[in-house]
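Summary of the model geometry
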Amino acid sequence: MSEPAAFDRRWIAHRGGGRAAPENTLAAFRAGYTAGFRAFECDVTLSRDGVPFLLHDATLTRTTGVRGAAATRRWDDLRDLDAGAWFGARFRGEPLASLDAVLAFAAARRAWLNLELKPARGAAARTGVVVATRVARWLCEQPRAPAPLLSSFSPRALRAARAVLAQRQARLQLALLCAHYDARVLRSARALGASALHLHWRAVTPARARAIHAAGLALRVYTVNRMPTATRLWTWGVEGVFTDRLDLPARGNA
């Protein structure tokens, strides 16, 4: 399938499908793809038995209605939960998505993934190791697929992932996520061997964008839901924006 001319990978669908479908589900990815997106962000955490799957929160309450921490449940229990009904009746029965299912989606469509590591308390290193190991193996199996990027607010998770990637000589890049910006953030990203900084868009200024690029890092920003904001950020050289609004790229090309 050819790429729609109106869309490019500077636009990244937040949590798979933004506001169009229940976040971090395959329904969200299908919505994003149908809207023309070829770049997707999602959150990856671990079940009790070490299966990587998609979930933003530490608890299951908001998106499944089930109380309790996700990290205390085995995948065989988690896979049967309804992660779609909270969003709307037509998504009732939509399950939580495993990382393997999302990787299969990306391989079939040659989509680019930004996998944000969302470790449970005390599981940062384990999350980095498990996800990096799985994605590195998948990339060997799918050499024509775009190499995903691993990002996180957790330096410990990124360090653990980096060690796995170095051992396997995997061509996966890392990005440090931060809600704010200062000189320490730049130093941390470089010490981690990251290829990019991912910042809240309000933390970006032209001078900061120049400093980040001068350090050899790409800059992507979250979460941009207004076209004037995106346009301003493009002029500052930002490489990508995460958005909840699947209609914005079309508006920008109108």
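All values reported here derive from a predicted model rather than from experimental measurement.

Looking now at the nonpolar core. Within the largest apolar cluster, 64 residues are counted, with the highest numbers of intra-cluster contacts made by Phe40, Leu197 and Val221. In terms of residue count, the dominant contributor to this core is helix α5 (residues 124-141) (seven residues). Residues in contact with Val221, not counting those within four places in the same chain, are Leu199, Trp201, Val204, Leu233, Val238, Gly240, Val241 and Phe242.

Taking 1.5 Å per residue as the helical rise, α5 with its 18 residues ought to reach 26 Å, and the 26 Å between its terminal C-alpha atoms agrees with that figure. Turning to α5, its buried residues are Ala124, Thr127, Gly128, Val131, Ala132, Thr133, Arg134, Val135, Ala136, Trp138 and Leu139. Looking at the buried positions of α5, the neighbouring elements they touch are β2 (39-46), β3 (52-54), α4 (99-109), β4 (112-117), β5 (149-152) and α6 (155-168).

Each aromatic ring pair is described using two quantities: the centre-to-centre distance and the angle formed by the ring planes. Using the criterion set out here, one finds nine aromatic pairs in the structure. Centre to centre, the rings of Tyr33 and Phe105 are 6.2 Å apart; their planes meet at 90°, and the pair counts as edge-to-face. With Tyr33 in helix α1 (residues 26-34) and Phe105 in helix α4, this pair connects stretches of sequence that are 72 residues apart. Accessibility classification places Tyr33 together with Phe105 in one group, the buried group. Where Trp86 meets Phe87, the ring centres are 5.4 Å apart and the plane angle is 85°; that geometry is what we call edge-to-face. Look at Trp86 and you get partly exposed, because its relative accessible area is 36%.

What follows deals with unusual backbone geometry. Of note in this structure, Arg15 is not a glycine but carries a positive phi near 55°. Looking at the element boundaries, Arg15 is found in the loop between β1 (11-13) and α1. Phi at Asn24 takes a positive value of approximately 60°, unusual for a residue other than glycine. Within the secondary structure layout, Asn24 lies in the loop between β1 and α1.

With that settled, the discussion passes to the environment of Val66. Assignment of secondary structure puts Val66 in the loop between α2 (61-64) and α3 (75-78). Discounting chain neighbours no more than four positions away, the residues touching Val66 are Leu60, Thr61, Arg73 and Leu81.

Before going further, it helps to spend a moment on the environment of Arg110. Within the element layout of this structure, Arg110 appears in the loop between α4 and β4. Residues Arg110 and Ala39, spaced 71 residues apart in sequence, show a C-alpha to C-alpha distance of 9.4 Å. With sequence-adjacent residues up to four places away left out, Arg110 is seen in contact with Arg9, Arg144 and Pro146.

It is worth spelling out the packing of α5 against α6 at this point. It is the contact of α5 with α6, at a shortest axis distance of 7 Å, that shows an interaxial angle of 35°. Two packed elements cross with a definite hand, and for α5 against α6 that hand is right-handed. Contacts between α5 and α6 involve Ala124, Ala125, Gly128, Val129, Ala132, Thr133 and Ala136 from the former and Arg156, Ala157, Ala160, Ala161, Val164, Leu165 and Arg168 from the latter. In terms of residue class, the contact of α5 with α6 is built from ten nonpolar, two polar and two charged.

Caution applies to low-pLDDT regions: their predicted coordinates should not be interpreted in detail. Per-residue confidence for the protein averages 95 on the pLDDT scale, and 96% of its residues sit at or above 70. Across residues 1-6, where pLDDT falls below 50, the model places seven contacts with residues more than four positions away in sequence or in other chains.

Glancing now at the pattern of salt bridges. On inspection of all chains with the given rule, the structure shows eleven salt bridges. Its salt-bridge partner being Arg79, residue Asp76 comes within 3.5 Å of it at the nearest N-O pair. Where Arg134 meets Asp100, a salt bridge forms, and the shortest distance between an N and an O atom there is 2.6 Å. Note that Arg134 is positioned in helix α5 and Asp100 in helix α4, a separation of 34 residues in sequence. By sharing partners, the salt bridges in this structure join Arg15, Glu23, Asp43, Asp57 and Arg62 into a single network.

Attention now goes to the side chain of Asn225. Note on placement: Asn225 falls in the loop between β8 (218-222) and α9 (227-235). A polar atom in the side chain of Asn225 sits 3.2 Å from the side chain of Thr243. Here Asp244 takes part through its backbone nitrogen, which lies 2.8 Å from a polar atom of the side chain of Asn225. Not counting the four nearest positions on each side in its chain, Asn225 is found in contact with Arg19, Thr243, Asp244, Arg245 and Leu248.

What counts and what doesn't
- Residues numbered from 1 in each chain as written.
- Predicted model: local features only at pLDDT ≥ 70, side-chain atom pairs only at ≥ 80, totals over all residues.
- Heavy atoms only, no water.
- Core = buried A, V, L, I, M, F, W, Y, C linked by side-chain atoms within 4.5 Å.
- Buried < 20%, exposed > 50% of the residue type's maximum accessible area, 1.4 Å probe, protein only.
- Helix = DSSP H or I, 4+ residues; strand = E, 2+ residues; numbered from the N terminus.
- Contact = heavy atoms within 4.5 Å.
- Expected span 1.5 Å × (residues − 1).
- Phe/Tyr/Trp six-rings, centres within 6.5 Å; stacked < 30°, edge-to-face > 60°.
- Axes fitted to C-alpha atoms, helices over the stretch in contact; angles between N-to-C directions.
- Left-handed = near helix turned anticlockwise from the far one by under 90°.
- Nonpolar A, V, L, I, M, F, W, Y, C, P; charged D, E, K, R; others polar.
- pLDDT = per-residue confidence, 0-100.
- Salt bridge = Lys/Arg side-chain N within 4 Å of Asp/Glu carboxyl O.
- Polar contact = N/O pair within 3.5 Å; in protein donor to acceptor, adjacent residues only side chain to side chain.

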